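# Commentary on secondary and tertiary structure
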Amino acid sequence: MSGYSKKDDLLFLPLGGCGEIGMNLNLYCCDGKWLMVDLGMTFAGENLPGIELIFPDPAFIVGKRRDLVGLVLTHGHEDHIGAVPYLWPQLGCPIYATPFTAELVRRKLVERNLLDTADIREMELGASFEVGPFGISYISMAHSIAEGTALRIETRHGIIFHTGDWKLDEEAIVGTPASGEELSALGDEGVLAMIGDSTNVFNTRASGSETAVAKSLKKIIGQKTGRVVVTTFASNVARLETVGRIAGQTGRRLALLGRSMRRIHEAAKATGYLRDFPEILDEKRMMDVPRDKLLVLTTGCQGEPRAALNRIAAGDFRSLTLSPDDTVIFSSKIIPGNEHPIGALINRLVLDDVEVITEHDAFVHVSGHPGQPELRDMYGWIRPQIAIPVHGEARHIKRHAELAKEVGVPRTLRPLNGDVIRLAPDGPQLVDQVPAGRLVLDGEKVLSIASEPIAERRRMLFAGHLGVSLALNGRGKLIVPAALVARGIPGWAEGCALEEDVRRTIGETLAGLGRRNLLDDLVVEEAVRVAVRRILRQDTGKKPVTVVRVLRITDLK
Ligand SMILES: [Zn+2]
Ligand SMILES: [Zn+2]
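Note that this is a predicted model, so its numbers are computed, not measured. (Residues numbered from 1 in each chain as written. Chains lettered and ligands numbered in written order. Predicted model: local features only at pLDDT ≥ 70, side-chain atom pairs only at ≥ 80, totals over all residues.)

For the rest of this paragraph, the subject is the overall build of the protein chain. Of regular secondary structure, the protein chain possesses 16 helices and 27 strands. Its C-alpha atoms give the protein chain principal-axis dimensions of about 90 × 70 × 45 Å. Looking at the protein chain residue by residue over its 557 residues, the buried ones come to 46%. A sequence separation of at least 24 residues applies to 72% of the contacts in the protein chain between residues at least 6 apart. (Helix = DSSP H or I, 4+ residues; strand = E, 2+ residues; numbered from the N terminus. Buried ≥ 20, exposed ≤ 12 C-beta atoms within 10 Å, placed from the backbone. Contact = placed C-beta atoms within 7 Å.)

What follows covers the pairing of strand β14 (residues 228–231). Residues Val228 and Val230 point to one face of β14 and Val229 and Thr231 to the other, with burial holding for every one of them. As paired strands, β14 and strand β16 (residues 294–298) are joined by four bridges and run parallel to one another. If you follow valine 229 over to β16, its bridge partner there is valine 296. By the bridge criterion, four bridges tie β14 to strand β17 (residues 327–330) in an arrangement that is parallel. Paired with valine 229 across the strands is valine 328, a residue of β17. (Pairing = 2+ DSSP bridges.)

With that settled, the discussion passes to the nonpolar core. Tyr28, Met36 and Val237 are the most contacted members of the largest nonpolar core, which totals 139 residues. With six residues, the top contributor of residues to this core is helix α7 (residues 237–249). Residues from two domains meet in this core; each of domain 1 (10–205 + 367–448) and domain 2 (210–357) gives at least three. Beyond its immediate chain neighbours, meaning those up to four positions away, tyrosine 28 contacts Leu11, Phe12, Leu35, Phe134, Ile153 and Ile160. In this structure, Leu466, Leu472, Ala486 and Val502 belong to the second largest nonpolar core, which totals 15 residues. (Core = buried A, V, L, I, M, F, W, Y, C linked by C-beta atoms within 7 Å. Domains from an automatic or database assignment.)

This part is about helix α12 (residues 394–406). For α12, with 13 residues, the first-to-last C-alpha span of 18 Å sits near the 18 Å given by 1.5 Å per residue. Those residues of α12 not exposed but buried are His396, Ile397, His400, Ala401 and Ala404. Down the axis of α12, the buried side of the element spans an arc of 135 degrees, and every buried residue falls inside it. Exposed side chains of α12 directed beyond 90 degrees from the buried face belong to Ala394, Arg395 and Glu406. Buried residues along α12 sit in contact with α11 (372–382), β19 (386–390) and β20 (411–412). The first or second residue beyond α12 is glycine 408, which carries a positive phi of 95 degrees. (Expected span 1.5 Å × (residues − 1). Arc of directions from axis to C-beta.)

Along its sequence, the protein chain is carved into domain 1 (10–205 + 367–448), domain 2 (210–357) and domain 3 (464–553). Averaged C-alpha coordinates put domain 1 and domain 3 at centres separated by 53 Å.

Quick look at the sheet that holds β17 now. As summarised here, the arrangement of the five strands in space is β15-β16-β14-β17-β18, forming an open sheet in which the pairing is parallel. At either end of the open sheet lies a strand with only one pairing partner, and these are β15 (253–257) and β18 (355–357). Taking each pair of neighbouring strands and ignoring which way they run, the sheet shows an average axis angle of 20 degrees. With respect to the sheet, α7 is in contact with β14, β15 and β16, its orientation differing from that of β16 by roughly 170 degrees. Contacts from helix α8 (residues 259–270) reach β15 and β16 within the one sheet, and its direction differs from that of β15 by about 110 degrees. (Axes fitted to C-alpha atoms, helices over the stretch in contact; angles between N-to-C directions.)

Ordered in space as β4-β5-β23-β24, the four strands form an open sheet in which the pairing is antiparallel. Both outer strands of the open sheet, β4 (42–43) and β24 (445–448), are each paired with one neighbouring strand and no more. Across four bridges, strand β23 (residues 438–442) lies against β24 in antiparallel orientation. Along β24, the bridge assignment pairs leucine 441 with valine 446.

Take unusual backbone geometry next. Residues alanine 424 and proline 425 are joined by a peptide bond in cis, for which omega reads -5 degrees. By the element assignment, proline 425 lies in the loop between β21 (419–424) and β22 (429–433). In the Ramachandran plot, aspartate 31 falls in the positive-phi region, its phi being about 55 degrees despite a non-glycine side chain. Residue classification places aspartate 31 among the partly exposed positions, given that 16 C-beta atoms sit within 10 Å. At aspartate 325, a position not held by glycine, the phi torsion is positive, near 75 degrees. Tracing the backbone through its elements, the reader meets aspartate 325 in the loop between α9 (308–313) and β17.

Further remarks concern the environment of serine 319. Among the structural elements, serine 319 can be located in the loop between α9 and β17. Among the residues examined, serine 319 registers 15 C-beta atoms within 10 Å and is labelled partly exposed. The sequence separation of serine 319 and methionine 286 amounts to 33 residues, and the corresponding C-alpha distance is 6.6 Å. Here serine 319 is in contact with Glu283, Lys284, Met286 and Met287, once residues within four sequence places are set aside.

Looking now at the environment of asparagine 200. Structurally, asparagine 200 can be placed in the loop between β13 (191–197) and α6 (210–222). Distance in space between the C-alpha atoms of asparagine 200 and glycine 368 is 8.9 Å, their sequence separation being 168 residues. Every residue in contact with asparagine 200, bar those within four places of it in the chain, is listed here: Ser207, Ser367, His369, Pro370 and Gly371.

Below you can see the structure in the form of structure tokens.
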């Protein structure tokens, strides 16, 4: 744990989100008190079989929970709030959020029976409030979810501008983002440090406006004569609003598919969004509506196997079948890493002669993160002394730091998770490093990614498993042949040569152990395990997880 505790320093410490896009967890320290900004998660990939979610390991701040004055959430995306229901019980601090974000968090806490214990303090958009030594103001930003916010964090050392996820959109469909003048006025106050979103730093163009996408989508959908299915991220309330409007404008009935789509729709309605949204068509009635009168909005834009769109494409969704000349519009980005599942999904649709439109074919999506022109504008307005890029992989953070230099920011630092960075006085300086690991949600349990069950499952996945049970009498002789249970070992079948090799090895190993060793269960187990593993490796080229158990039956002579 950190030995660094200079009370006169203003510190920044990311525990997640630096060196990766996902699971953001940022900490600030002033006068020995800690403020947490966001507590997100990442979805696990194929390299972690059986694991759904990954969280940043909060152990460092759990150890200082008495000095943790609050958790401030910038917006409701999973990479910013997803770990709250799993990790908050270890933290116990008040949670600050704007109404829509608070609503999403409450719905998550209900699922874990935590709503009554969690202290959620709902803040109006634009609210200013004190959290320990930190004076916080929510600043509305455009983003691909309702209520994206940046934070102005005032400390006795100076002002921090924490951008959250943002873009510039003068024609935002949901909410009223801060204008250039307002951000420039903030810059006039003198900003010590800007900690900011690096996601789209390689984009040389601005992200584009939701209103422009709305116009383009309306035009495309207006020309279609078959069913139209639009898929997007459920949390993009502006896109929901757009598709709802288009349903009305084009005389189509709108159906919503997918649990998260319905959940976000409810949360948005409950917090005053989607006021003029059309009545939702019962999904069981989708096939009753004439083809040119149906518009479906669904989850599954990343090719998620269990999402509605994937099941529709697989012909596995009872209430909707697509026919030739129906259209599926991916109003979404292909997130790096998801190319394969999305490609497979598109192939299935194309094989059924369904028309597929993605962001490569037409203007059907804009990003929620700033491209280079927007970053330049923002630095021009905020004019920070220090730029610390976050929310990016190493390559994004490096490019963002270069860009900050190019636009004249005097000092930058490229952080990694676990870096304790002094912002003031005399910052930025890397002054310490604390452990910053990962946790995984394994079924209902939250474990370290480095824990033995996870490591063992990976080993079993890669090489299989062999269980060996040895029933020995009091003198260490096998009473019955060893019981072998093999799982996933290449070439293994009952009575195969490999099994014979293993049995022979067991016999030779027992014969080679001295009389005294044969009386010690642990010695026998380890000797047989090592020998069996060696022969398995020799025969298969793999190292199956091998477990040997001795059952000692002493009253047999
Ligand atoms: Zn994010
Ligand atoms: Zn976001």
